[in-house]
Amino acid sequence: MFPTPIGPGGYLQGYLRPETAQGIFLNYKFCCEQNANRLPFGVAQVGKAFRNEIAPRAGLTRQREFTQAEIEFFVNPKDKEHPKFAGVKDQVLNLFHSDNQLAAKDPVLMTIGEAVAKGIVNNEFLGYIICRTYLFLLSVGVSKEHIRFRQHLPTEMAHYAADCWDAEIYCSLGWLECVGIADRSAFDLNAHAKASKSDLSYRQTLDKPIEMEVFSITKKSGIEVMKAFKKDGKAVKEFIEAMPQPELEQLAACLERGPSDVNVNGQSFELTADLVKFEKKKEKVSVNSFTPGVIEPSFGIDRIFTAVLEHIYYARPKEEDSDDKQTRGVLAFGAKIAPYRCAILPLDQRICRHDGYTSLMRDVRAQLGALGLSYTIDESGATIGKKYARNDELGIPFGITLDHTTMEDFGQHGHYAGARHHGADQAAARKGAPAGARPVRWGEHLGGGHEGVPRPVRQRLCHRPRAMAAAGD
């Protein structure tokens with residue numbers, strides 16, 4: 001971790017956080033209360049993390065300061081089923097499990113349902129998170145052929161973890177670990193409970209009381225403890241009775257070897273085997289107490305961003321008879337993550353000088369602003385083909401071309417409200433678009449086909465600006 005001095009004199013030692021998750025564990029009890037004390041639930045956090053990287057290199061992939069996004073899902077350690085797992089169980093993933101790694105075999109294509117059924121993936125909840133991570137990476141532009149999930153080897157698996165997988169993306173640096181997905185059991189909350197001396201166990205009210213064997217101190221021992229520690233005796237007795245079953249059994253084992261100390265309200269008390277005696281008895285229990293397990297996907301945002309840029313960028317091939325020496329690059333951002341959703345492109349300077357242009361732009365801006373869509377306007381004197389190519393390089397997925405017919409129709413109707421696609425426009429829009437894609441209508445794209453969205457009168461909207469640029473200048 002990065003050490004840092006604190007205070008005006010710098011005499012206090014502090015450390016920059018190596019991950020964002022610790023703040024979530026510290027606030028676990030508050031978050032559980034806000035979720036009406038129900039499990040499972042998840043808490044997400046995005047922020048900066050700092051690690052003492054010995055040799056920062058490879059762009060954004062190895063840094064001392066980086067952006068991390070983590071989700072901590074708190075679950076019942078004995079019930080790790082997921083209600084939505086059935087919806088993703090047929091999703092095929094590229095899995096590189098530990099057995100294949102040790103045997104020097106290739107990754108295998110397998111449905112996540114089969115992986116869970118065979119025990120390759122430890123449980124349904126972990127399998128669901130792995131699958132959702134895969135779908136997220138696809139949605140931001142990572143190529144599905146270049147994603148695999150690698151299971152940690154036994155030698156690299158944390159001692160407390162039930163299972164760990166890394167989402168790796170293939171790029172110019174090779175297979176790059178971008179997301180870590182781990183079933184961390186109850187290690188984190190147990191560690192925080194021990195350090196803070198607080199009870200972080202979850203108490204689940206059972207629908208029907210069950211009979212179970214309980215390990216506890218005897219009634220006579222409770223009286224002896226109260227006598228032995230006098231005014232503090234009641235607090236010590238209640239502390240022992242409130243200990244979770246595993247810790248109580250551990251205390252009994254320690255007492256068999258010799259005296260053991262317990263810390264109650266900041267004071268230390270010595271217990272002996274003669275003073276504290278235990279018994280096993282059967283009783284009806286209506287509340288099940290346990291420390292929640294944690295399933296954690298941790299996303300390296302900088303690495304994912306690097307991989308996305310490599311996967312979505314390409315150079316448009318030149319025409320055989322073209323004299324253009326410039327390489328035309330394209331950033332094929334999806335509409336979900338594009339910094340600008342669309343570009344407004346006047347055909348030429350005559351459009352910008354038109355009497356109705358100012359009113360038209362006011363109307364267009366109002367519609368885009370009302371729908372919360374980011375946009376940019378290119379009013380330069382460049383040809384329309386160069387404007388398309390310029391916005392291809394910026395990664396803008398949609399383009400609105402304002403031509404002379406647009407201005408004529410705006411003058412007739414007095415407002416901006418529609419899209420048109422001539423045959424040539426549709427062919428140009430399809431050229432360079434993904435297989436099966438069709439030109440998207442303005443109302444469908446902006447309003448999702450909802451009623452109340454004004455129907456455009458005149459406007460050219462292609463699937464991507466690069467599709468129009470493919471038609472040439």
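Quantities reported herein were computed from a predicted structural model and do not represent experimental measurements.

Asker: How should the overall build of the chain be read in this particular structure?
Answerer: Along the backbone of the chain there are 17 helices and 20 strands. Counting all 473 residues of the chain, 45% fall into the buried class. When contacts within the chain are restricted to residue pairs at least 6 apart in sequence, those whose partners lie at least 24 apart make up 68%. Of the roughly 26,000 Å² that the chain leaves accessible, carbon and sulfur atoms contribute 51%.

Asker: Before we go on, may I ask you to explain helix α10 (residues 301–312) in this structure?
Answerer: Along an α-helix, a turn takes 3.6 residues, which lines up residues three or four apart on a common side. Between the first and last C-alpha of α10 there are 16 Å, a value that for twelve residues agrees with the 16 Å anticipated at 1.5 Å per step. Within α10, burial applies to Asp302, Ile304, Thr306, Ala307, Val308 and Ile312.

Asker: I'm lost on the pattern of salt bridges in this one. Help?
Answerer: A side chain with one charge can pair with a side chain of the opposite charge if their charged atoms come near. As enumerated under the stated definition, the model contains 15 salt bridges in all. The salt bridge partner of Glu296 is Arg184, with a shortest N-O separation of 3.9 Å. Pair noted here: Glu296 is in strand β14 (residues 293–300) and Arg184 is in the loop between β9 (174–183) and α6 (187–196), with a separation of 112 residues, a long-range link. Across the pair, Arg184 and Glu296 agree in class, each one buried. For Arg316, the salt bridge identified is with Asp392, shortest N-O distance 2.5 Å. Here Arg316 is found in strand β15 (residues 313–316), whereas its partner Asp392 is found in helix α13 (residues 384–394), with 76 residues between them in sequence. Residue classification places Arg316 among the buried positions, given a relative accessible area of 17%. The class of Asp392 is buried, set by a relative accessible area of 2%. Overlapping salt bridges, with partners in common, bring together Arg148, Arg150, Glu156, Asp166 and Glu168 in one network.

Asker: Explain the environment of Arg350 here, please?
Answerer: Structurally, Arg350 can be placed in helix α11 (residues 349–352). In this structure the side chain of Arg350 is engaged in a polar contact, spanning 2.7 Å, whose partner is the side chain of Asp348.

Asker: How should I be thinking about the packing of aromatic side chains in this particular structure?
Answerer: The geometry of two aromatic rings is summed up by the distance between their centres and the angle between their planes. Taken as a whole, this structure holds twelve aromatic pairs when the rule is applied. Consider the rings of Phe25 and Phe74, whose centres lie 6.2 Å apart with planes at 85 degrees: the pair is edge-to-face. With Phe25 in helix α1 (residues 21–26) and Phe74 in strand β4 (residues 65–75), this residue pair connects regions lying 49 residues apart in the sequence. The exposure classification of Phe25 matches that of Phe74, with both residues buried. Among the aromatic side chains, those forming a connected cluster through ring pairs are Phe25, Tyr28, Phe41 and Phe74. The ring of Trp175 is capped by Arg148, whose NZ or CZ atom sits 4.3 Å from the centre of that ring.

Asker: I'm lost on the nonpolar core in this one. Help?
Answerer: One recurring pattern in soluble globular proteins is that nonpolar side chains are buried together. Core analysis: the largest hydrophobic core is formed by 43 residues, its most contacted members being Val121, Ile130, Phe149 and Trp165. A total of eight residues in this core trace back to one element, the largest contributor, which is helix α5 (residues 124–139). Ignoring any residue separated from it by four or fewer positions in sequence, one finds Ile130 in contact with Leu93, Ile112, Val121, Phe149, Trp165 and Ile181. Counting 18 residues, the second largest nonpolar core, distinct from the first, contains Phe215, Met243, Leu255 and Phe278.

Asker: Even after reading the chapter, I still don't get unusual backbone geometry, so can you show me in this structure?
Answerer: Backbone geometry follows two general trends: most residues other than glycine have a negative phi, and most peptide bonds adopt the trans configuration. Note that the residue after Leu39, namely Pro40, is joined by a cis bond; omega there is -5 degrees. Relative to the helices and strands, Pro40 is located in the loop between α2 (28–34) and β3 (41–50). Here the phi dihedral of Ala36 falls at roughly 60 degrees; this positive angle occurs in a residue that is not glycine. With respect to the helices and strands, the residue Ala36 is situated in the loop between α2 and β3.

Asker: So what exactly am I meant to see when it comes to the sheet that holds β3 here?
Answerer: Backbone hydrogen bonds hold the strands of a sheet together, and the pairing may be parallel or antiparallel. On the basis of which strands lie adjacent, the open sheet formed by eight strands has the order β3-β4-β14-β9-β8-β7-β5-β6 and mixed pairing. Across the chains shown, the open sheet's two edge strands, defined by having one partner strand only, are β3 and β6 (108–111). Within the sheet, the average angular offset between the axes of one strand and its neighbour, ignoring direction, is 30 degrees. Both β3 and β4 contribute to a ladder of ten bridges, which runs antiparallel. When the bridges of β4 are listed, Ala44 appears paired with Ile71. Each of β4, β5 (92–96), β7 (147–151), β8 (163–171), β9 and β14 touches α5; the most contacted strand, β9, lies at about 145 degrees to it.

Asker: How should I be thinking about the packing of helix α7 (residues 219–228) against helix α8 (residues 233–242) in this particular structure?
Answerer: The packing of two helices is summarised by the inter-axis angle and the distance between the axes. Running from N to C, α7 and α8 point in directions that differ by 145 degrees, and their axes come no closer than 7 Å. In the crossing of α7 with α8, the sense of the turn from one axis to the other is right-handed. Across the interface between the two elements, Gly222, Val225 and Met226 from α7 touch Gly233, Lys234, Val236 and Lys237 from α8. For the contact of α7 with α8, the residue count by class is three nonpolar, two polar and two charged.

Asker: Can you help me understand a negative patch on the surface in this one?
Answerer: Negative charge collects at one region of the surface, where Glu319, Glu320, Asp321 and Asp323 lie side by side. Looking at the element boundaries, Glu319 is found in the loop between β15 and β16 (328–331).

Quick notes on the rules
- Residues numbered from 1 in each chain as written.
- Predicted model: local features only at pLDDT ≥ 70, side-chain atom pairs only at ≥ 80, totals over all residues.
- Heavy atoms only, no water.
- Helix = DSSP H or I, 4+ residues; strand = E, 2+ residues; numbered from the N terminus.
- Buried < 20%, exposed > 50% of the residue type's maximum accessible area, 1.4 Å probe, protein only.
- Contact = heavy atoms within 4.5 Å.
- Areas by Shrake-Rupley, 256 points an atom, 1.4 Å probe, with all protein chains shown as cover.
- Expected span 1.5 Å × (residues − 1).
- Salt bridge = Lys/Arg side-chain N within 4 Å of Asp/Glu carboxyl O.
- Polar contact = N/O pair within 3.5 Å; in protein donor to acceptor, adjacent residues only side chain to side chain.
- Phe/Tyr/Trp six-rings, centres within 6.5 Å; stacked < 30°, edge-to-face > 60°.
- Lys NZ or Arg CZ within 6 Å of the ring centre and 35° of its normal.
- Core = buried A, V, L, I, M, F, W, Y, C linked by side-chain atoms within 4.5 Å.
- Pairing = 2+ DSSP bridges.
- Axes fitted to C-alpha atoms, helices over the stretch in contact; angles between N-to-C directions.
- Left-handed = near helix turned anticlockwise from the far one by under 90°.
- Nonpolar A, V, L, I, M, F, W, Y, C, P; charged D, E, K, R; others polar.
- Patch = residues over 30% accessible without salt bridge, like charges linked within 9 Å, V, L, I, M, F, W, Y side chains within 5 Å.
- Lys, Arg positive; Asp, Glu negative; His and termini not counted.
- Charge placed at Lys NZ, Arg CZ, Asp CG, Glu CD.

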